[in-house]
Structures are given as structure tokens and as C-alpha cells.
Amino acid sequence: MWLTVGAVGAQEVKHYRFAYDQPKTTGYGIVGDIFNDKLKALSKGTMVIDQYPGAQLGQEPQVLQLVKSGDVEFCISSSANAATLSPQAGVMSMHFLFRSEAHLVKALADPEVSRAVKGMIADTVQGARVIALSTLGLRNMYSKREIRKIEDMKGLKVRVQATPTEDTMFPAYGSQIVHMPFGSVYTSLQTGVVDVAENGVNVYLANKHYEVAPVLSITEHEANNSLIWISDKLWNSLTPEQQGWVQAAADEVNRNEPAKAVELEHQSQDKLKSIGVKVVTDVDKSGFTAIADPYLDKLSKDLGPHAEKIKNLIRAIN
């Protein structure tokens, strides 16, 4: 954090670093903009967010450590990367936990779900806290080939996020898993180190993965959920009034970002179609859900009581 003495009355303007690993044109930029605009308004311009997109300050696992140590003030992490600090956070990326985009938007904007996730982090992580949830929509598979049904997955090498959920589910579908940082996915698809990667539509577009994997299959197998973090070092240095402003700005993200992110997914899909990417929209998900459904209860129970509570809250939302 650095200070700029500005002409906002007699108060100095404080700038805070807000780090994330995707381009600003993704849903992460929507998070940063909503948060900054609200915080700036509430603090009358005395608290300002400087966004560092595109992994400028490091990949998510590294940045989470920097937030914990107080060297970076704010960051966004996927729920999968949050699981490196709090394994129970893996519940947010369980397969077919969310039934549709509408269910995802409703669940993430639900204050009880948000409270349960914050409680989980408060109980299990030291040095940082979660102030909001957000999403980049649902994840889909992309490759040089179509994936229309579960049989099409057999024997394929899939790049997955290194979480117990992914490591369980993809082999259950008959695939081989490969772990690697997000930054290596493009060349791995290009060279055939992996056959399939999976992510949100906008992430696929923004990172130009369609150049090396020109078929996008809409599997919607899990959500791209994210947590917004603040370092305890910063939080504890704020006045109660400033803490209130930060939380109110975060609540604004929680309420409004999910619907905007899903809208961005739809715009991205239209853009991909217009540049000639093959989008397979009629994937038969029944084979996937038949395998995934029993795991929802088992995996959330194995993860722990917080995970089970969050799973039950999300499933109960209609």
C-alpha cells in the first residue's frame, strides 16, 4: 500500500493493490470495477483500488500467500485455488452442484451462502479473510474434437485444476488428468500434451485458447466461482467506518457481479461463433450427472462440515 496526499479535504488518498490472474476484460475486471466504484463513492475518494490483472503480481496460489502476509491488500482467487489454503473451499467447484446458470446466479447472490463461505474461511485460514463471492459462469470443455457425451471423454488427457474434486471426477468420467499452471495451457493444447482443457467461455475467448482448441463443448460441469480476499493486516488497520465501506463495496459485488458475468459469457459465445469457433450446445449431460451426483454428498462430507453446509444451502435454492 502506498499513500498519495491528495486534495480530498484534509484527508490523504490511500491506494490499494487488487490482484488477479485473468485479463481485465473478464468477469474479474467486472469485480474490480464494481468494488472500486462503490468503495471510492463511500469513502468520498479517500480509498482507491489499483487493479493488477493478468497475473502481474503472480499466479493465484502465490498471490494468496502475499495477501496472507500483508504484502498485497486484495485479490481474487478461484475456489479451486482457495482450496490450497482451505481444502473445504473445494466444495464450490464440485461437478453439477449448480443446475443451470440461473441457479448459479441465484445461489451466489444469496446472503446465506455468502455468510457460510466467509465463516468457513474465518475458521480455517489465518492472515486473510473473504469479503465476497463472485463467478465467471459455468465451465465447459474445449479441444480439437467434439465432446457430445461422456463416452467421448474416454482416455483423453484433460488439464485440470489441482483439487481433490477434479482429481476424483475426471478419472470417474474415464479421462486422464494433467496438472499445470493456467499459463501453460495454450502451448500444452497446441503440442498435444493435453487433449482437453476446461474453463469459462469468456476465459477461453480472452486467452485465445480457441486458436489451438477450436471446438467448445458446453458441458457446464462446474462453476468458475471466485472469492474476494483482503489481508488481515489491512483489515485490522482500518477504522470501523472504513471496514464498513469495504464490506459494503464487497456486498455490491456479491449482489451484482454474478448476473453480469453470465451476460458476458453469452456475449463471448456469440463472438466465438462469429469468428468460426465450433460451439457444441447440445451436449448430453445425463452420463456425466449420473456419475457426478453420488459424489456431491460423498465429497462434501469428506471435505468437512463447512463444505457440507455450503453444499446443502446451494442445493436447496430453487
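Above this text is the structure in question.
Per chain, the residues get numbers from 1 upward, laid out in the order the sequence is written. This being a predicted model, a pLDDT of at least 70 is required before a residue's local features are given, and a value of 80 or more before pairs of side-chain atoms are given or counted; all residues contribute to the totals for chains, interfaces and linings. Heavy atoms from the whole structure form the basis of all side-chain values; hydrogens and water molecules are not counted.

1. Structural notes on the overall build of the protein chain
Logical step 1: Helical segments are the DSSP runs of H or I of at least four residues, strand segments are the runs of E of at least two, and each set is numbered from the N terminus. Looking only at helices and strands, the protein chain has 12 helices and 10 strands in total.
Logical step 2: To get the radius of gyration, use the C-alpha atoms; to get the globule rule, take the number of residues to the power 0.38 and multiply by 2.2 Å. What you see for the protein chain is a C-alpha radius of gyration of 19 Å, in line with the 20 Å of a compact globule of 318 residues.
Logical step 3: Taken over 318 residues, the protein chain has a buried fraction of 56%.
Logical step 4: By the convention used here, residues are in contact when the closest approach between their heavy atoms is within 4.5 Å. In the protein chain, the share of contacts with a sequence separation of at least 24, taken over all contacts with a separation of at least 6, comes to 75%.
Logical step 5: Each accessible area value is a Shrake-Rupley result obtained with a 1.4 Å probe; residue values ignore everything except the protein chains displayed when judging cover. Working note: accessible area of the protein chain is about 12,700 Å², and carbon and sulfur atoms make up 52% of it.
Logical step 6: In this count, Lys and Arg are taken as positive residues and Asp and Glu as negative ones, while His and the chain termini are left out. By convention, charge coordinates are those of NZ in Lys, CZ in Arg, CG in Asp, or CD in Glu. Averaged over its 33 positive side-chain charges, the protein chain has a centre that lies 0 Å from the centre of its 36 negative ones. Exposed residues in this analysis have more than 50% of their type's maximum accessible area, buried residues have under 20%, and partly exposed residues fall in between, with area computed by a 1.4 Å probe over protein chains only.

2. Examining the nonpolar core
Logical step 1: Among the buried residues, those of types Ala, Val, Leu, Ile, Met, Phe, Trp, Tyr and Cys that are joined through side-chain atoms within 4.5 Å form a nonpolar core. Membership of the largest hydrophobic core comes to 55 residues, with the highest contact counts inside it found for Tyr173, Trp229 and Phe288.
Logical step 2: Excluding residues that lie within four positions of it along the chain, Phe288 makes contacts with Phe96, Met141, Ile147, Lys149, Ile150, Met153, Tyr173 and Val283.
Logical step 3: Leu39, Ile49, Val203 and Ala213 belong to the second largest nonpolar core, which has 47 residues in total.

3. With respect to the pattern of salt bridges
Logical step 1: Within this document, salt bridges are pairs made up of a side-chain nitrogen of Lys or Arg and a carboxyl oxygen of Asp or Glu, the two lying within 4 Å of each other. Following the criterion strictly, the structure yields 12 salt bridges and no others.
Logical step 2: In this structure, Lys278 engages Glu146 in a salt bridge whose closest nitrogen and oxygen atoms are separated by 2.6 Å. On the criterion of sequence distance, the pair formed by Lys278 in strand E10 (residues 278-280) and Glu146 in the loop between strand E5 (128-143) and strand E6 (157-160) is long-range, its members being 132 residues apart.
Logical step 3: The salt bridge partner of Lys298 is Asp302, with a shortest N-O separation of 2.8 Å. One end of the pair is Lys298 and the other is Asp302, both in helix H11 (residues 286-303) and 4 residues apart, which spans about a single turn.
Logical step 4: For Asp302, a relative accessible area of 53% puts it in the exposed group.

4. Some points on the packing of helix H5 (residues 111-124) against helix H12 (residues 305-316)
Logical step 1: Orientation of H5 relative to H12, taken along the N-to-C sense of each, is 170 degrees, at an axis distance of 10 Å. Looking at the two axes, H5 sits roughly antiparallel to H12. Only His306, Lys309, Ile310, Leu313 and Ile314 of H12 make contact with H5, whose side of the interface consists of Glu112, Val113, Ala116, Val117, Gly119, Met120 and Asp123.
Logical step 2: Each residue belonging to the contact of H5 with H12 can be placed in one class, and the counts come to 7 nonpolar, 2 polar and 3 charged. Lines fitted to the C-alpha atoms define the axes, with helices restricted to the stretch that makes contact. Angles between their N-to-C directions range from 0 to 180 degrees. The scheme is simple: roughly parallel for angles under 35 degrees, roughly antiparallel for over 145, roughly perpendicular for 65 to 115, oblique for anything else. Charged means Asp, Glu, Lys or Arg here, nonpolar means Ala, Val, Leu, Ile, Met, Phe, Trp, Tyr, Cys or Pro, and polar covers whatever is left, Gly included.

5. Focus on the packing of aromatic side chains
Logical step 1: Paired rings are identified among Phe, Tyr and Trp, the last through its six-membered ring, by centres lying within 6.5 Å, and are further divided according to the angle between planes into stacked (under 30 degrees), edge-to-face (over 60) and tilted (the rest). Within the structure shown, the criterion is met by 10 aromatic pairs.
Logical step 2: Measuring from ring centre to ring centre gives 5.2 Å for Phe35 and Phe74, while their planes differ by 65 degrees; the resulting arrangement is edge-to-face. With Phe35 in helix H1 (residues 27-42) and Phe74 in strand E4 (residues 74-78), this pair connects stretches of sequence that are 39 residues apart.
Logical step 3: The class of Phe35 is buried, set by a relative accessible area of 1%.
Logical step 4: Among the aromatic residues, those joined into a ring-pair cluster are Tyr16, Phe18, Tyr20, Tyr28, Phe35 and Phe74.

6. A closer look at the environment of Asp251
Logical step 1: By the element assignment, Asp251 lies in helix H10 (residues 240-274).
Logical step 2: It is 9.4 Å that separates the C-alpha atoms of Asp251 and Ser114, two residues lying 137 residues apart in sequence.
Logical step 3: Those residues in contact with Asp251, other than ones at most four positions away along the chain, are Lys118 and Ile131.

7. Section: H10
Think of an α-helix as 3.6 residues a turn; residues three or four steps apart then line up on the same face.
Logical step 1: Multiply 1.5 Å by the residue count of a helix minus one, and that product is the helix's expected span. In this model, H10 (35 residues) spans 50 Å end to end at C-alpha, consistent with the 51 Å of a helix rising 1.5 Å per residue.
Logical step 2: Trailing H10 by a residue or two, Gly276 shows a phi angle of about 95 degrees, which is positive.

8. Digging into unusual backbone geometry
Logical step 1: In this structure, Lys44 takes a positive phi of about 55 degrees despite not being glycine.
Logical step 2: Looking at the element boundaries, Lys44 is found in the loop between H1 and strand E3 (47-52).
Logical step 3: We classify Lys44 as exposed; its relative accessible area is 66%.
Logical step 4: Backbone geometry places Lys208, a non-glycine residue, at a positive phi of 60 degrees.
Logical step 5: Structurally, Lys208 can be placed in the loop between helix H8 (201-206) and strand E9 (215-231).

9. So, the pairing of strand E8 (residues 196-199)
Logical step 1: Of the two faces of E8, both are covered, the one formed by Val196 and Glu198 as well as the one formed by Ala197 and Asn199.
Logical step 2: Two strands are counted as paired when DSSP detects at least two bridges linking them. Here 4 bridges tie E5 to E8, and the two strands are oriented antiparallel to one another. Bridge assignment links Tyr142 to a residue of E8, and that residue is Ala197.

10. So, helix H4 (residues 101-108)
Logical step 1: By the burial criterion, the buried members of H4 are His103, Leu104, Ala107 and Leu108. Projected onto a plane normal to the axis of H4, the buried residues spread over an arc of 115 degrees and lie on a single side.
Logical step 2: In this fold, the buried residues of H4 make contact with H5, E5, E9, H10 and H12. Comment: arc refers to directions from the helix axis out to C-beta atoms.

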